[in-house]
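Here's the letter readout for the chains.
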Amino acid sequence: MNSKLTPRFLIIALVLTWAVWAIWPTIQYQRLSEAEKETLREEGKLEILESRTIKQGLDLKGGMYIVLEVDLPTLVENLAINKDAKLQAALSSVRDQLLISPEADFFALFSNISNDNNLKLSRYYYDFGSSNEVILTALGEESEDAINRVLEILQNRIDQFGVAEPTIQKQGNQRIIVELAGVQDSDRARSLLESTALLEFFIVKDITTTNELMVKIDQTLRGNKDISSIVKDDSADTKTSIEKDDGTVSVSELFGESSTENNTDSSSVTPSIVAEQPFSSLLRNLGSTIGVPAKNSYALRKMLELPEVKEKLAAVGGKFVFSNKAQDYPTVDGDVESVYSLFLLEDQAELTGGVVEEAKANLGPQGTTSAGQPIVNLSMNSDGARKWSIVTGSNVGRQVAIVLDNKVHMAPNIREKISGGGTLIEGFANIDEAKDIAIVLRAGALPAPVDIIEERVVGPSLGAESVKRGTQSVIIGLIIVLIFMLIYYRVSGSIADFALIWNIVLVLAVLASLQATLTLPGIAGLILTVGMSIDANVIIFERIREELRKGKTPRAAVDGGYNRALTTIIDANVTTLIAALVLWQFGTGPIKGFATVLFWGILISMFTAIFVTRTIFNSFTSGKNLNKLSI
Amino acid sequence: MRIIKDTNIDFMQQRKLAFIISVVVILSGVISLLVNGGPKLSIDFKGGTLVSVQYNEDMDIMAVRSAMGKLSVDGQDFDFSREEIKHFGDLGAVLIRVPHIDDSPQNFAQKIVDHLYNSFPGMVPEDKSDFILGKGTVSPKIGSELSGKAIMAIISALGLILLYISIRFEFRFALGAIAALTHDVFVTLGLFSLLGYEISLPIIAAFLTIVGYSLNDTIVIFDRIRENIKSSKKESYNTIVNRSVNESLSRTIVTSLTTFLVVFILWFFGGEVIHNFALAMMIGVIVGTYSSIYIASPIVIQLHENSIK
């Protein structure tokens, strides 16, 4: 061997050793069984091993990917001190503009609209400053702070939920990306993330007020054209309401209590109950509460959003809130239908969740009404406990609704003053739900609501299938290319094959040491690398063949071939590198995985083609007097 | 072994015919795009919900359609029987795509999955997590942002490449290369539209890779042209370009063949998720090879001829 070549071989040997060292943990990890992983986890060694392996993306492993967006308009609205119609109008026009151009900056829009409408922000945000600019800057900082708090709270919730390797990261100034690998119950994880955990206690309005209000709403909506599009023909059938012989329903009967107001219209015979009582015909009497059959709930929610209905609600200072879940009730003709409960609450909360000190999920103790049912035990801080005792003390005999995320969980009657702040919430489907609610209550309420704007779930079977198919494709593709090169370029082909295999090993080694995530497009990138990295060798070999045809000696041909191919290879690869870099910069998740593999694949293929194969060729041609080159 | 012996094909003579072919292919693609109102965009760009589920038995798409015709969530009725509903891989797997709806119920994707699960009792796996292959919901908000980003990505990639080639070669080479790339992207886009395949995020990645690949091919030929111009001043520009294409033909064929083989394998074995990505790549490899010979090089000649006139 030529002594000049020794340093080159040394470099190659070092790189290859490094590659094996870098990729070894991944191989080791792949070969571990679940039981062995468990043992290592207990010893604390698994994490160290995992930190050195190539991670599988969600598309390969299965799991969920969620993008949450913090609702900035609502956050800013919540921060205002004296909310009025003018502010709300300004915020709602910001919301409308954001719907049209989602990329727009909220604060820029808010600033424009405030200036256009001469809105003095100091009226609502005097704590933050006096001029609009100062206030907007302060609100911007406040919102950034809020997002960081949201991030922390979500982190906290997920940690308690118990998922292996969750990733939570901030993207831009109002988004949070959450990746949960291997999560089977995406429903549960979703509600855990989305819950604002806003716990509020409201006093339920008395029945008389409720009845009067419903009569008024019916009167307002009578003959309203918008309603016919909302309400289906079968909404108000005999199953859901109690009918008089003449075919009409009176609200008072719905409640089993006589109404003070005499509904003059109830006696008039109309062909359709819906036209006569558009609102209350959708309801059903559940004894002590109003029921909304699930099939009517969409129509009812729509009605409650109508401005004229909102007006009536505002007049009595109340709001309608649905129960968190529907329950099954038998219908008149023997079927079962699921029915939500609807409560008319005072529009101001008596107490909010900030007072919660501890929340624990449990099964209800024996001997109580909630025996054996999942419950959440709350304890309040001293301030909360004091307020709670005042609220309960002054409202004995009335109903108090416990509202979480704008859904009524339960509305018990207050029997006596509760001091000490211990409270119990029931109304959960199962113990898991109670546990999740306890988690979100403990982690605290989000400072602003969040919306899920993107959700992707890959089932475990599809992920496993992708891994299988992907690996298969890589192996088959590799073998075909290896055989082709061997046939086409013979001994030289085997040198290229050697380089190609190392090429793949090196790419994987780089991915492992970067702790990169391998996605399905990443596997595709790996296959593409196989195809394209051969290109450098082909360019060189074709050049050498040309030189040989010109009658040069093998050694001169190899030198000439490499020298002339060098600029071509660099120029050609740099442009592909540009494409890979742009992809990496622009891409999210899977695309980034593809770009990473492509980028390193090209870089490494240049190294293997120019440096590794050249060194091998030189050792062939320099040592002995070679007069024929197998190419 | 050699597939291509020393050739002397007059590629530049065929360039008029090639131009006609390209124009016809691109035009039919453009017409298809116009008729369909632009490329068929996936939920990545448009927003909407995508659900794929696995039944135990082969499913009749018509049965799924009629089930999707009567979806009701809390009294809100939906008729999705005319939306995109198709098999996904094997005959037991079904994919459903639903457009974005402004006041759609909470967790809509799951509601659709539940409906599909309950509509065909006895044909579904007991464990629901085995039933869901995947689901996704994207709000149009994210979609429109992404469209902007994707266009920016393609434009900035083209811009940077133009710059690099202008520095390394001459400006007319850069124009030739960009023309070839634009040609490739349009042909692939048009073919996708003709075949009725949608443009998703991975397809954009495939497009950018095609750009990279086609460029690779073009530059190898350009490099040869540059070298031959230096070494022989006597020959006409046309002859030099033609000779360069012929000299690098062997390499072009071998590389395209190996790359095509691997993406073909990806297309064939890679599974449903990667299927269209591999298809775009397959088209890209063929078109990229063609364009470096018939689009990029002739344009360089044309620009040269224009400049000496």
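Definitions and cut-offs
- Residue positions are given per chain, counting from 1 as you read along its sequence in written order.
- Chains carry letters from A onward and ligands carry numbers from 1 onward, assigned in written order.
- Thresholds applied to this predicted model are a pLDDT of at least 70 for local features of residues and 80 or more for the giving and counting of side-chain atom pairs; totals over whole chains, interfaces and linings are not thresholded and use all residues.
- Secondary structure follows DSSP: runs of H or I at least 4 residues long count as helices, runs of E at least 2 residues long count as strands, and numbering of each begins at the N terminus.
- Atoms counted for the radius of gyration: C-alpha only. Globule rule: 2.2 Å times the number of residues to the power 0.38.
- Exposure criterion: with C-beta atoms placed from backbone coordinates, a residue whose C-beta has 20 or more other C-beta atoms within 10 Å is buried, one with 12 or fewer is exposed, and one in between is partly exposed.
- A residue pair is marked as a contact if its C-beta atoms, positioned from the backbone, fall within 7 Å.
- Three residue categories are used. Nonpolar comprises Ala, Val, Leu, Ile, Met, Phe, Trp, Tyr, Cys and Pro, charged comprises Asp, Glu, Lys and Arg, and polar comprises the others, including Gly.
- Here, strands pair whenever DSSP counts at least two bridges between them.
- Known as pLDDT, the predictor's per-residue confidence is scaled from 0 to 100.
- Orientation is described by lines fitted to C-alpha atoms, with helices fitted over the stretch in contact, and by angles between N-to-C directions that extend from 0 to 180 degrees.
- Remark: nonpolar core denotes a set of buried Ala, Val, Leu, Ile, Met, Phe, Trp, Tyr and Cys residues whose joining runs through C-beta atoms within 7 Å.
- These domain limits were set by an automatic method or by a database of domain assignments.
- A helix is expected to span 1.5 Å multiplied by its residue count minus one.
- The directions considered for the arc run from the helix axis to the C-beta atoms.
- Orientation labels follow simple angle bins: below 35 degrees gives roughly parallel, above 145 gives roughly antiparallel, 65 to 115 gives roughly perpendicular, and whatever is left gives oblique.
- Left-handed describes a crossing whose near helix is turned anticlockwise from the far helix through less than a right angle; right-handed describes the clockwise counterpart.

S.K.: I would appreciate a short explanation of the overall build of chain B in the present structure.
M.R.: Of the regular secondary structure elements, chain B holds 11 helices and six strands. Taken against the 2.2 N^0.38 rule, which gives 19 Å for 309 residues, the C-alpha radius of gyration of chain B at 24 Å runs more than 25% over that of a compact globule. Along the longest, intermediate and shortest principal axes, the C-alpha atoms of chain B span 80 × 45 × 30 Å. Evaluated residue by residue, chain B yields a buried proportion of 46% over its 309 residues. The contacts of chain B with a sequence gap of at least 6 include a subset with a gap of at least 24, amounting to 77%.

S.K.: Please explain the overall build of chain A as it appears in this structure.
M.R.: Within chain A, the regular secondary structure consists of 21 helices and 18 strands. Over its C-alpha trace chain A gives a radius of gyration of 35 Å, far above what one expects of a compact globule, namely 25 Å for 631 residues. Its C-alpha atoms give chain A principal-axis dimensions of about 115 × 60 × 55 Å. Among the 631 residues that make up chain A, the fraction classed as buried is 44%. Nonlocal contacts in chain A, meaning residues at least 24 apart in sequence, comprise 72% of its contacts between residues at least 6 apart.

S.K.: Just checking my understanding: could you explain the interface of chain B and chain A for this structure?
M.R.: One frequently used descriptor of interface size is the decrease in accessible area upon assembly of the parts. On the side of chain A, 66 residues touch chain B, which itself brings 62 residues to the contact. Of all the secondary structure elements, the ones that give two or more residues to the side of chain B that touches chain A are α4 (108-119), α5 (128-131), β6 (132-138), α6 (140-168), α8 (201-231), α10 (249-269) and α11 (272-308) of chain B. Tallied by class, the residues present in the side of chain B that touches chain A amount to 31 nonpolar, 22 polar and nine charged. Of the pairings in the sheet, the one linking strand β17 (residues 450-458) of chain A to β6(B) comprises five bridges and is antiparallel in character. Within β6(B), the position partnered with A:E454 by the bridge is B:V138.

S.K.: For this particular structure, what's the right way to read the confidence of the model for chain B?
M.R.: Atom-level detail of predicted coordinates should not be read off regions where pLDDT is low. Residue and element names in this part refer to chain B. Considering every residue of chain B, the mean pLDDT works out to 88; 100% of them sit at 70 or more. No element of chain B has a lower mean pLDDT than α5, at 84, and none a higher one than strand β1 (residues 48-54), at 93. Scoring of the predicted complex yields 0.80 for pTM and 0.88 for ipTM.

S.K.: How should I be thinking about the sheet that holds strand β14 (residues 400-404) of chain A in this particular structure?
M.R.: Note on sheets: strands pair through backbone hydrogen bonds, and any given pair is parallel or antiparallel. Across the sheet, which stays open at both edges, the four strands sit in the order β11-β5-β14-β15 (chain A) with antiparallel pairing between neighbours. The sheet is open, and its two borders are formed by β11 (351-352) and β15 (407-410) of chain A, each paired with just one other strand.

S.K.: How should the sheet that holds strand β3 (residues 167-171) of chain A be read in this particular structure?
M.R.: Across the sheet, which stays open at both edges, the eight strands sit in the order β3(A)-β4(A)-β2(A)-β17(A)-β6(B)-β1(B)-β5(B)-β4(B) with antiparallel pairing between neighbours. In the strand order of this sheet, the two ends are held by β3 of chain A together with β4 (84-88) of chain B, each with one partner. With strand direction ignored, the average angle separating the axes of adjacent strands in the sheet is 15°. Relative to strand β4 (residues 175-181) of chain A, β3(A) runs antiparallel, the two being bridged by five bridges. Following the sheet pairing, A:I168 is matched in β4(A) by A:V178. Of the strands in this sheet, β2 (63-70), β3, β4 and β17 of chain A touch helix α8 (residues 132-161) of chain A, which is tilted by about 170° from β3(A).

S.K.: I would appreciate a short explanation of the nonpolar core in the present structure.
M.R.: In summary, soluble globular proteins display a tendency toward joint burial of nonpolar side chains. One finds A:V376, A:A401, A:V507, A:L583, B:A157, B:A177 and B:L208 to be the most contacted residues of the largest nonpolar core, which totals 254 residues. The element best represented in this core is helix α18 (residues 460-513) of chain A, accounting for 19 residues.

S.K.: It is not clear to me how the domain arrangement of chain A should be interpreted in this structure. Could you clarify?
M.R.: If you check the domain split of chain A, you get domain 1 (3-55 + 461-623), domain 2 (63-194 + 450-458) and domain 3 (202-427). Its C-alpha centre places domain 1 of chain A at a distance of 44 Å from the equivalent point of domain 2 of chain A.

S.K.: In this structure, what is going on with unusual backbone geometry? I would like to understand it.
M.R.: Glycine aside, residues mostly have negative phi, and peptide bonds are mostly found in the trans state. Residue and element names in this part refer to chain A. In this model, N118 sits at a positive phi of 55°, which is unusual for a non-glycine residue. Assignment of secondary structure puts N118 in the loop between α7 (106-116) and α8. C-beta crowding within 10 Å serves as the criterion here: with 7 such atoms nearby, N118 is assigned to the exposed category. Within the chain, Q515 stands out as a residue other than glycine whose phi angle is a positive 55°. Note on placement: Q515 falls in the loop between α18 and β18 (517-518).

S.K.: Is there a simple way to think about the environment of A:I27 in this case?
M.R.: Following the sequence through the fold, A:I27 ends up in helix α1 (residues 6-31). When the C-alpha positions of A:I27 and A:L566 are compared, they lie 35 Å apart, and in sequence the two are 539 residues distant.

S.K.: Which parts of the structure should I look at to understand helix α16 (residues 382-394) of chain A?
M.R.: Each turn of an α-helix holds 3.6 residues, which means side chains three or four residues apart point in the same direction. Residue and element names in this part refer to chain A. With 13 residues, α16 should reach 18 Å at 1.5 Å per residue; the first-to-last C-alpha distance of 18 Å fits that figure. Of the residues making up α16, those classed as buried are G384, W388 and T392. Here the buried residues of α16 occupy an arc of 60° about the axis, which is enough to place them on one side. Opposite the packed face of α16, turned more than 90 degrees from it, sit the exposed residues S382, D383 and S394.

S.K.: Looking at this structure, how should I read the packing of α10(B) against α11(B)?
M.R.: All names here are of chain B. One can describe the packing of α10 onto α11 by two numbers: an axis separation of 8 Å at closest approach and a directional angle of 165°. Judged by the inter-axis angle, α10 sits roughly antiparallel to α11. Two packed elements cross with a definite hand, and for α10 against α11 that hand is left-handed. Mapping the contact onto sequence places T252, S256, T259, F260, V263, F264, L266 and W267 in α10 and I274, H275, A278, L279, M281, M282, V285 and T289 in α11. Here the residues of the contact of α10 with α11 sort into 11 nonpolar, five polar and no charged.

S.K.: What should I look at first to understand the domain arrangement of chain B in this one?
M.R.: Once the domains are mapped, chain B shows domain 1 (11-42 + 142-308) and domain 2 (48-137). For domain 1 of chain B and domain 2 of chain B, the distance between their C-alpha centroids amounts to 39 Å.

S.K.: Is there a simple way to explain the confidence of the model for chain A in this structure?
M.R.: Per-residue confidence for chain A gives a mean pLDDT of 83, with 91% of residues at or over 70. The low-confidence segment residues 236-271 of chain A (pLDDT under 50) makes 60 contacts with residues lying over four places distant or belonging to another chain.

S.K.: What am I meant to see in helix α14 (residues 294-305) of chain A here?
M.R.: Relative to the 16 Å expected for 12 residues at 1.5 Å per residue, α14(A) spans 17 Å between its end C-alpha atoms, a close match to the ideal helical length. Among the residues of α14(A), A:K295, A:N296, A:S297, A:Y298, A:A299, A:L300 and A:M303 are the ones counted as buried.

S.K.: Just to check I follow, could you spell out the environment of A:I604 for this structure?
M.R.: Residues and elements named next belong to chain A. Structurally, I604 is set in helix α21 (residues 589-623). Classification of I604 by C-beta neighbours within 10 Å gives buried; the count is 24. Taking the C-alpha atoms as reference, I604 lies 57 Å from N362; in sequence the two are 242 residues apart. Beyond its immediate sequence surroundings of up to four residues, I604 is in contact with N503, L506 and V507.

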